[in-house]
Amino acid sequence: MEKFVKLKSTITPLNIENIDTDQIIPARFLKAVSRDGFGENLFRDWRYCSDGNLNNDFILNSKPKNSKILLAGRNFGCGSSREHAAWAIHDYGFRVVISSFFADIFKNNALNNGLLVFELDENLIQKIFKKISNESNIEFETDLNEQKFYSLDGSIDEKFQINDYNKICLLKGYDNVDYLLSIKEKILKFENETGR
Amino acid sequence: MGKTLFDKVWEEHVVDSIPNGPDILYIDKHLIHEVTSPQAFDGINSRKINVFRPDRTIATADHNVPTENQHLPIKEELSRKQVEKLTANCKEHNIKLYGLGHKYQGIVHVIGPELGLTQPGMTIVCGDSHTSTHGAFGSIAFGIGTSEVEMVLSTQCILQNKPKTMRIEINGELNSGVYSKDIILYIISKISASGGTGYFVEYAGSAIEKLSMESRMTICNMSIEMGARGGMIAPDEITYKYLKDKEFAPKGIELDKKIKYWNTLRSDADANYDKVLKFDAEDIQPMITYGTNPGMGIKIDEEIPSSAINSSKHSFEKSLRYMGINSGDKLKNKKIDYVFIGSCTNSRIEDLRSAADIIKGKTKSPHVHAWVIPGSKSVERAAINEGLDKVFIDAGFDFRQPGCSACLAMNEDKIPKGKYCLSTSNRNFEGRQGPGSRTFLASPATAALSAISGHVSDVRDYL
């Protein structure tokens, strides 16, 4: 898994609640058998009009260049468990997603793919939306080791929560399957003891 | 302090715990399908390891498959390749596959229970969020991502943080014309599409206890639509009776032994839940959704509201705009273009019976396209044996072959842009049933009656 330590970037604001994984990547694009290339169809039906032209009103078509932080409304990633949603966001170039609250499966999927997701208070998120609507080029730093998220102009400076296990995996680029394989003896013992 | 049903089953499966991190949870049964498994197999192949316990994984093809002419090669190239990949992966790793043409093929959450693979007290996962369906048997069942599918294939375990617990009680007698789909749409409308996030739900109360297994599955199936990872119901005589003759369920003395254990799978009277909600069955009426998430539901004869809980004005208005409806309007009597009876929520034999009861001897409205997609080959056979296929066909419905179909529109079964579909599925998201499609979710009875009349109809007017 790709490591995540620190990141400096502008923010792409998506101030909509309950964004489901069907919006992030519609089902008709789930037919690939590899993990690559899903970024092309990220938010497909919001990015393009039904005639196939770009929808210039949608933020991804007008966002600051090289923005790697996606800031979204509450309950981001609800609905289908498709991990393709996390792959699409990562493949498109985002490395951090912030919301006041994530759907459980999406959160796991993101963290399993080196995509850092964390929650901030809804009031603060609304404050950031407001701030960047006036100054879209303002940069923010995400420091995983310190669990800090702050604006370079110093006006926003917050701690965020992440459990120790996920933090270490992201910082070191550790892989869950490798970890589970390393405790195979314990799993065999469990099977024996419980008669499985 | 007593334990909840959830705590009891969870604790039975914890191999180890990481301090300030997840538990390592052993998985009894793993279900896979063509869409969310190929990348997981790639993962184990590139690690050069074998599937650890191939006998604990069962595969089927459902999401992508056509619902007509299943005896022919799949026309759409990418879909065909994905299904072929599943076949090759299962062959290489000795995994039992109920693929197209097999007598057990069907929607993964329909075949697990009907084959007796789903049993009380198990942990069950699948790369599909509606795995919560299997909780109807008192198992811990939830959807996972593909990285987690790879964990299960390689070690039969996943890393999982223990969720909080919520108890939802429904007590009293259900009104006539109210089905289990109405119960779950009602609950979600009360707590919103995110009201269950972070929780595992246990459904209980006198109204739940009286429900059939099929009806319980419909409720547990949609737990994810309020954000809950899963929902479960304590096993009882109704559960045991359902399981008794199922192909892979224990039999004879083995079954008696199991039932003794299953009888211990009850929440203790003094068990502590993180949240408890209670509803009166009498308050529940036939329900329908009007918006673009399953929390946006109303009684079928109610006016469309001007706000919804956990939804900002901006998001709420965006939703109504997409649906082409206005606050204050009623959905009752609104013209519809399509009716879809199917999906892992409502494609079991009981669902088909309740639709056929209403349709029998009638003809669908000429402007409505009506599709019935049985959940599995077994459901299809049962429907044909009971003559239900004829009821549907005589009424002008398409009676198709099993698969997920228009629930997520991965195959050809799509609702065109701007058209209204009254659907028995589980999600009314923007574009879920095809780009630009508009979905109203309701029970099979409501869907059937509305196909006949051509507009949103209240089953209570028919009964």
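Only a predicted model underlies this, so the values are computations on that prediction, with no experimental measurement involved.

### Considering the overall build of chain A
Here is step 1 of the chain: Check the secondary structure of chain A and you find eight helices and eight strands.
Here is step 2 of the chain: Here chain A has a C-alpha radius of gyration of 18 Å; the compact-globule value for 196 residues is 16 Å, and the two agree.
Here is step 3 of the chain: Across its three principal axes, chain A shows a C-alpha extent of roughly 60 × 45 × 25 Å.
Here is step 4 of the chain: In chain A, buried positions account for 58% of the 196 residues.
Here is step 5 of the chain: In chain A, once contacts between residues fewer than 6 apart in sequence are set aside, the share between residues at least 24 apart is 64%.
Here is step 6 of the chain: When the accessible area of chain A is evaluated, it comes to approximately 8300 Å², of which 43% is carbon and sulfur surface.
Here is step 7 of the chain: Taking the average location of the 26 positive side-chain charges in chain A and that of its 29 negative ones, the two points are 2 Å from each other.

### Here we look at the interface of chain A and chain B
Here is step 1 of the chain: Counting residues at the interface gives 55 residues for chain A and 69 residues for chain B.
Here is step 2 of the chain: Summing both sides of the interface, chain A and chain B together bury roughly 5000 Å²; the carbon and sulfur share of this comes to 54%.
Here is step 3 of the chain: Ionic pairing is found between E76 of chain B and K31 of chain A, a salt bridge with its closest N-O pair at 3.1 Å.
Here is step 4 of the chain: Applying the counting criterion to the chain A and chain B interface returns 30 residue pairs in polar contact (both at pLDDT 80 or more).

### Considering the pairing of strand β10 (residues 199-204) of chain B
Residues and elements named next belong to chain B.
Here is step 1 of the chain: When you tally the buried positions in β10, you get six out of six residues, the bulk of the element.
Here is step 2 of the chain: Because side chains alternate across β10, one face comprises the buried residues Y199, V201 and Y203, and the other comprises F200, E202 and A204, equally buried.
Here is step 3 of the chain: Where strand β9 (residues 164-171) and β10 come together, six bridges link them in parallel fashion. Note that in β10 the partner of E169 across the bridge is A204.
Here is step 4 of the chain: Each parallel crossover has a hand, and for β9 linked through helix α6 (residues 180-191) to β10 it is right-handed.
Here is step 5 of the chain: Relative to strand β11 (residues 230-232), β10 runs parallel, the two sharing three bridges. Bridge pairing links V201 to G231 in β11.

### Concerning the side chain of T21 of chain A
Residue and element names in this part refer to chain A.
Here is step 1 of the chain: Residue position: T21 is located in helix α1 (residues 21-24).
Here is step 2 of the chain: Only 2.8 Å separates the side chain of T21 from the backbone oxygen of S80, close enough to count as a polar contact.
Here is step 3 of the chain: Ignoring any residue separated from it by four or fewer positions in sequence, one finds T21 in contact with G77, C78, G79, S80, R82, A85 and F106.

### A word on the sheet that holds β9 of chain B
All names here are of chain B.
Here is step 1 of the chain: Taken together, the four strands give an open sheet; going across it, the order is β11-β10-β9-β12, and neighbouring strands pair in parallel fashion. Every interior strand has two partners, whereas the edge strands, β11 and β12 (275-280), have only one. Strand-to-strand twist of the sheet, defined as the mean angle between neighbouring strand axes without regard to direction, takes the value 20°.
Here is step 2 of the chain: Running at roughly 125° to β12, α6 makes contact with β9, β10 and β12 of the sheet.

### What about the domain arrangement of chain B?
Residues and elements named next belong to chain B.
Here is step 1 of the chain: Examined at the domain level, chain B breaks down into domain 1 (5-160), domain 2 (164-283) and domain 3 (289-462).
Here is step 2 of the chain: With centres defined by C-alpha atoms, the gap from domain 1 to domain 3 works out at 28 Å.
Here is step 3 of the chain: Residue-level contacts link 24 residues of domain 1 with 24 residues of domain 3.
Here is step 4 of the chain: Of the roughly 2000 Å² buried at the junction of domain 1 and domain 3 (both faces included), carbon and sulfur atoms supply 53%.
Here is step 5 of the chain: For domain 1, the biggest contributors to the area lost against domain 3 are T67, I107 and H130; these three give 31% of the whole.
Here is step 6 of the chain: Seen at the junction of domain 1 and domain 3, the total is one salt bridge.
Here is step 7 of the chain: One salt bridge in this structure joins E68 and R400, with 3.5 Å as the shortest N-O distance.

### Points about the packing of aromatic side chains
For any pair of aromatic rings, the description rests on two quantities: the centre-to-centre distance and the angle between the ring planes.
Here is step 1 of the chain: Using the criterion set out here, one finds 26 aromatic pairs over all chains in the structure.
Here is step 2 of the chain: Consider the rings of F6 of chain B and W10 of chain B, whose centres lie 5.4 Å apart with planes at 35°: the pair is tilted. Here W10 of chain B and F6 of chain B lie together in helix α1 (residues 5-12), a separation of four residues that amounts to about one turn.
Here is step 3 of the chain: Judged by centre distance (5.5 Å) and plane angle (70°), the ring pair of Y338 of chain B and W371 of chain B falls under edge-to-face. Separated by 33 residues along the polypeptide, Y338 of chain B in strand β15 (residues 338-341) and W371 of chain B in strand β16 (residues 369-372) bring together distant segments of the chain. Per residue, the accessibility class of Y338 of chain B equals that of W371 of chain B, and both read buried.
Here is step 4 of the chain: Three or more aromatic residues link up through ring pairs in this structure, and these residues are F118, F140, F149 and F160 of chain A.
Here is step 5 of the chain: The ring of Y48 of chain A is capped by R44 of chain A, whose NZ or CZ atom sits 4.3 Å from the centre of that ring.

### A short note on the nonpolar core
Here is step 1 of the chain: Counting 106 residues, the largest nonpolar core has F43 and F76 of chain A as its most contacted members.
Here is step 2 of the chain: Three or more residues apiece are contributed to this core by two domains, here domain 1 (5-160) and domain 3 (289-462) of chain B.
Here is step 3 of the chain: Setting aside residues no more than four positions away along its own chain, F76 of chain A makes contact with I19, I24, F43, L70, I89, V97, S99, F101, F102, A103 and F106 of chain A.

### Re the confidence of the model for chain B
Here is step 1 of the chain: A residue-level look at chain B finds 100% of positions with pLDDT of 70 or above and a mean pLDDT of 97.
Here is step 2 of the chain: With a pTM of 0.97, the predicted complex shows an ipTM of 0.96.

### Here we look at the packing of helix α12 (residues 349-359) of chain B against helix α15 (residues 444-453) of chain B
Residue and element names in this part refer to chain B.
Here is step 1 of the chain: Two elements in contact, α12 and α15, have axes whose closest approach is 8 Å; the angle formed by their N-to-C orientations is 30°. Judged on the interaxial angle alone, α15 and α12 are roughly parallel. Of the two elements, α12 crosses α15, and the hand of that crossing is right-handed. In contact with D351, S354, A355, I358 and I359 of α12, α15 contributes P444, A445, A448, L449 and I452.
Here is step 2 of the chain: Across the contact of α12 with α15, the residue classes tally to eight nonpolar, one polar and one charged.

Procedures and definitions
Residues numbered from 1 in each chain as written. Chains lettered and ligands numbered in written order. Predicted model: local features only at pLDDT ≥ 70, side-chain atom pairs only at ≥ 80, totals over all residues. Heavy atoms only, no water. Helix = DSSP H or I, 4+ residues; strand = E, 2+ residues; numbered from the N terminus. Rg over C-alpha atoms; globule rule 2.2 N^0.38 Å. Buried < 20%, exposed > 50% of the residue type's maximum accessible area, 1.4 Å probe, protein only. Contact = heavy atoms within 4.5 Å. Areas by Shrake-Rupley, 256 points an atom, 1.4 Å probe, with all protein chains shown as cover. Lys, Arg positive; Asp, Glu negative; His and termini not counted. Charge placed at Lys NZ, Arg CZ, Asp CG, Glu CD. Buried area = accessible area lost by both parts, 1.4 Å probe. Salt bridge = Lys/Arg side-chain N within 4 Å of Asp/Glu carboxyl O. Polar contact = N/O pair within 3.5 Å; in protein donor to acceptor, adjacent residues only side chain to side chain. Pairing = 2+ DSSP bridges. Right-handed = clockwise from strand over helix to strand, strands pointing away. Axes fitted to C-alpha atoms, helices over the stretch in contact; angles between N-to-C directions. Domains from an automatic or database assignment. Phe/Tyr/Trp six-rings, centres within 6.5 Å; stacked < 30°, edge-to-face > 60°. Lys NZ or Arg CZ within 6 Å of the ring centre and 35° of its normal. Core = buried A, V, L, I, M, F, W, Y, C linked by side-chain atoms within 4.5 Å. pLDDT = per-residue confidence, 0-100. Parallel < 35°, antiparallel > 145°, perpendicular 65-115°, else oblique. Left-handed = near helix turned anticlockwise from the far one by under 90°. Nonpolar A, V, L, I, M, F, W, Y, C, P; charged D, E, K, R; others polar.

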